[in-house]
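Structural overview for review
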Amino acid sequence: MAQLEHFTTPVDAVVSRMRAIDAALPERDGVAVFNRVYLTVTEEVDRRLDAGEFPDRRAAIALDVRFAGRYLAAVDAVAADRRPPACWRPLFQLRRHPGVRPLQFALAGINAHIGHDLALAVVDACRTLGCEPPELEDEFDRVGDLLGSLEERVREELMPGPDLLQIADPLTHLLASWSLERARDAAWAAARALWALRHCGDVAAEFTERLDAAVGFAGRMLLTPLRD
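Reference entry: report on the structure contained in this document. (Residues numbered from 1 in each chain as written. Predicted model: local features only at pLDDT ≥ 70, side-chain atom pairs only at ≥ 80, totals over all residues. Heavy atoms only, no water.)

One finds Tyr38, Tyr71, Trp88, Ile110, Ile114, Val122 and Leu136 to be the most contacted residues of the largest nonpolar core, which totals 71 residues. Elements that contribute at least two residues to this core include exactly α1 (10-24), α2 (30-50), α3 (57-79), α4 (89-93), α5 (102-129), α6 (137-158), α8 (180-196) and α9 (201-222). In this structure Ile114 touches Phe67, Ala119, Leu147, Leu180, Ala183, Arg184 and Ala187, once residues within four positions along its chain are discounted. (Core = buried A, V, L, I, M, F, W, Y, C linked by side-chain atoms within 4.5 Å. Buried < 20%, exposed > 50% of the residue type's maximum accessible area, 1.4 Å probe, protein only. Helix = DSSP H or I, 4+ residues; strand = E, 2+ residues; numbered from the N terminus. Contact = heavy atoms within 4.5 Å.)

Below, the structure written as structure tokens:
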């Protein structure tokens, strides 16, 4: 992520990159929908860092930048005609499908980023900082709380009105099948497992690959095309 070095802080650089992605993509593009959601979170993290609301600023920055870097790496992979991780493939493959609603795009991106990227970002940050996962738990929880409030906002802004979203609407069932809180808990458990396996090369690689595939499968289900 050498392109991040010319900004005031690494988080400022991430915000700038996401704004550039937002400006370059059509509004209805599925990646653009998720990017706007994630940009809102990252701007709030940046604001709270500047306000001194993270007790360990260095750890918070390390986690946030490595977390964002995995999403940006997926964007770069697709731009270079390379395959992104399996967790991101459904969103990139279905980003222009007319039968997928904006709320589905947003939640599929959140699913990929939390379900897969967050666990790996915790391990990356621990290696960078020379610490164990429990030492990052406070920062993990604070970022997770921000994501939780964001999910509520996403549902409020992108959810069809109550007259359109009936109990029989397939979107109702899709939304009920996924929980950010469960995804956060699973990400923390996966991060601890990956840290414990960090010296077991083949086993750690297999664990990561299976995590990637499982999250990708959930993302594809979230992006099931629906009739208007």
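Right, picking up where we left off after that structure.
Right, let's talk about the packing of aromatic side chains for a bit. On inspection of all chains with the given rule, the structure shows eight aromatic pairs. Aromatic side chains Tyr38 and Tyr71 sit 5.7 Å apart centroid to centroid with 70° between the ring planes, which places their arrangement in the edge-to-face category. Of this pair, Tyr38 sits in helix α2 while Tyr71 is found in helix α3, placing the two residues 33 residues apart along the sequence. This pair shows no difference in class: Tyr38 is buried, exactly as Tyr71 is. (Phe/Tyr/Trp six-rings, centres within 6.5 Å; stacked < 30°, edge-to-face > 60°.)

What follows is about the side chain of Ser179. Tracing the sequence through the fold places Ser179 in the loop between α7 (170-176) and α8. With relative accessibility at 19%, the residue Ser179 sits in the buried group. Of the polar contacts made by the side chain of Ser179, one reaches the backbone nitrogen of Glu181; its length is 3.3 Å. Within the structure, Ser179 has its side chain in polar contact with the backbone nitrogen of Arg182 (distance 3.2 Å). (Polar contact = N/O pair within 3.5 Å; in protein donor to acceptor, adjacent residues only side chain to side chain.)

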